[in-house]
Amino acid sequence: MSAMTTLRSRIFAWAGRLYLARTRKKGFDLSRMSFLPDSVLMPLRRDGLDPVPDLAAVREREPISKLPVPIAANVWLVTGYDEAKAVLGKADAFSSDFTNLIGKAGAGAEQNPGGLGFADPPVHTRLRRLLTPEFTMRRLGRLTPRIHDIVEERLDAMEKAGRDGDPVDLVAAFALPIPSLVICELLGVPYEDRDDFERLSAARFDLFSGANASFGAISESLSYFREVVKKQRANPGDGLLGMIVREHGDSVTDEELAGLADGVLTGGFETTASMLALGALVLLQDPEHFATLKDGDEAVDRYVEELLRYLTVVQVAFPRFAREDMEIAGVRISAGDVVLCSLSGADRDGELGPDMERFDPHRPKVPSHLAFGYGIHRCVGAELARMELRAAYPALVRRFPSMRLAVRPEELEFRKLSIVYGLDSLPVRLDVEG
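Conventions and cut-offs
- Residues numbered from 1 in each chain as written.
- Predicted model: local features only at pLDDT ≥ 70, side-chain atom pairs only at ≥ 80, totals over all residues.
- Heavy atoms only, no water.
- Helix = DSSP H or I, 4+ residues; strand = E, 2+ residues; numbered from the N terminus.
- Buried < 20%, exposed > 50% of the residue type's maximum accessible area, 1.4 Å probe, protein only.
- Areas by Shrake-Rupley, 256 points an atom, 1.4 Å probe, with all protein chains shown as cover.
- Polar contact = N/O pair within 3.5 Å; in protein donor to acceptor, adjacent residues only side chain to side chain.
- Contact = heavy atoms within 4.5 Å.
- 1 Å grid on protein atoms, 1.4 Å probe; cavity = no way out; pocket = protein on both sides within 12 Å on 5 of 7 lines; lining within 4 Å.
- Points joined across faces, edges and corners; volume = space filled by probe spheres on them.
- Arc of directions from axis to C-beta.
- pLDDT = per-residue confidence, 0-100.

Caption draft 1: Molecular detail of the overall build of the protein chain. Looking only at helices and strands, the protein chain features 17 helices and twelve strands. Counting the 434 residues in the protein chain, one finds 53% classified as buried. With the model as given, the accessible surface of the protein chain reaches about 18900 Å², and the carbon-plus-sulfur share is 52%.

Caption draft 2: Just the side chain of Arg415, in detail. Residue position: Arg415 is located in the loop between strand S11 (404-405) and strand S12 (427-429). There is a polar contact of 2.6 Å between the side chain of Arg415 and the side chain of Glu270. With residues up to four places along the chain from it excluded, the contact list for Arg415 reads Glu270, Ser274, Val420, Tyr421, Gly422, Leu423 and Asp424.

Caption draft 3: Just the layout of surface pockets, in detail. Approximately 390 Å³ is the volume found for the second largest pocket. Along the walls of the second largest pocket sit 23 residues, with Glu305, Lys365, Val366, Pro367 and His369 positioned nearest its centre. Contributions of two or more residues to the lining of the second largest pocket are made by helix H4 (81-88) and helix H15 (300-311). Element by element, the count of residues in the lining of the second largest pocket is highest for H15, at five residues.

Caption draft 4: Layout of helix H3 (residues 53-61). Buried within H3 are the following residues: Leu55, Ala56, Val58 and Arg59. The arc that holds the buried residues of H3, viewed along the axis, is 160°, so those residues lie on one side. What points out from H3, more than 90 degrees from its buried face, is the exposed set Pro53, Asp54, Glu60 and Arg61. Next to the buried residues of H3 lie strand S2 (50-51), strand S3 (64-67), strand S4 (75-78) and helix H16 (343-346).

Caption draft 5: Focus on the confidence of the model for the protein chain. In this model, the protein chain carries an average pLDDT of 83, and 81% of its residues clear a pLDDT of 70 or more. Of all the helices and strands in the protein chain, helix H1 (residues 3-24) carries the lowest mean pLDDT, 34, while H16 carries the highest, 98. The low-confidence segment residues 1-32 (pLDDT under 50) makes 42 contacts with residues lying over four places distant or belonging to another chain. Throughout residues 207-213 the model reports pLDDT below 50, and contacts reaching past four residues in sequence, or to other chains, amount to 24 contacts.

See below:
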């Protein structure tokens with residue numbers, strides 16, 4: 001048995017023991033997330049591609065409302081666009097640090113994922129500066145040919161699989177492999193390990209099995225990346241991790257590097273995979289959109305931005321913890337309160353324009369969507385995601401102009417209670433000639 005296999009087995013056993021220990025504790029247990037009242041879980045529920053109607057009703061009534069969560073602190077849900085920007089833009093008034101969760105929600109210090117999402121300045125500022133140069137359009141430009149090659153390789157594989165008229169799972173054959181390969185290329189990690197981090201990336205966002213299972217996936221992912229970092233320290237490669245090791249050396253710790261790599265995986269894999277699958281479903285449901293994207297390069301950017309807004313696959317931003325008493329939109333928030341911003345709710349707000357519940361790539365320009373977040377925690381890999389979507393959507397519809405769903409829409413299985421919304425599978429028939 002290899003050292004890596006042994007390590008992973010130990011991690012699985014540890015995560016299981018941790019889970020059982022947490023569930024035996026008295027008090028509120030986030031392993032029972034799915035049993036919370038619908039009013040609490042509502043921001044994570046959808047009706048097909050759309051947030052449930054209750055979310056819009058809450059936004060119209062109270063863009064900042066209190067959630068009836070059985071913990072000591074007040075928990076606020078922000079569903080309005082302007083209100084969400086106000087919260088996400090106040091890094092001085094709100095903390096995102098993981099230490100706010102320790103001793104609460106079943107979280108321990110050993111489960112801190114590191115990276116940018118759960119860090120405050122000045123730590124966040126220093127770590128983001130390490131990543132930002134690699135995510136400029138100039139640096140990302142070197143990945144453009146590889147992204148197009150990856151897309152074409154996946155289309156070739158799909159065509160081969162569907163040549164006899166058999167259905168092809170667009171999630172497994174297209175949506176998952178593309179960002180998986182791109183992230184491997186970016187980080188400089190072996191593509192042979194993709195099955196592990198595909199599984200771990202999905203598991204961390206799925207709260208149907210409880211927050212403890214999510215924390216276990218995070219811990220396992222960090223253990224994997226610690227091993228990757230050790231190898232990069234000894235022999236820096238050409239990817240992002242090797243670049244940071246060469247340029248910053250001892251100024252960044254192994255733990256910080258593992259957290260950054262895990263954060264890039266978190267932000268760049270599962271979210272893009274979900275967008276590719278759900279965006280393809282939107283196009284499949286409307287022949288006009290399908291045809292427009294197939295025939296015109298000038299339509300691609302407009303479609304991508306509207307799909308990002310309409311789908312907003314990251315449903316809720318990382319929690320914010322109020323550092324001080326304040327008032328936002330007439331609502332009094334006290335120091336220590338927890339604030340959750342519903343990005344999917346905010347991006348359907350009528351403040352952005354009329355009829356925002358509908359997908360319309362031809363609508364007049366609207367204010368910037370929040371699909372990538374806002375403020376200092378806005379996704380550092382936003383442009384990389386856009387590059388992948390701009391390459392993948394038109395290539396897909398041009399290669400398979402007769403592509404159609406292989407099942408009835410009501411048979412599709414969407415994720416339940418997942419922070420990153422998505423499809424488990426998307427069976428399609430390509431109608432390619434043999």
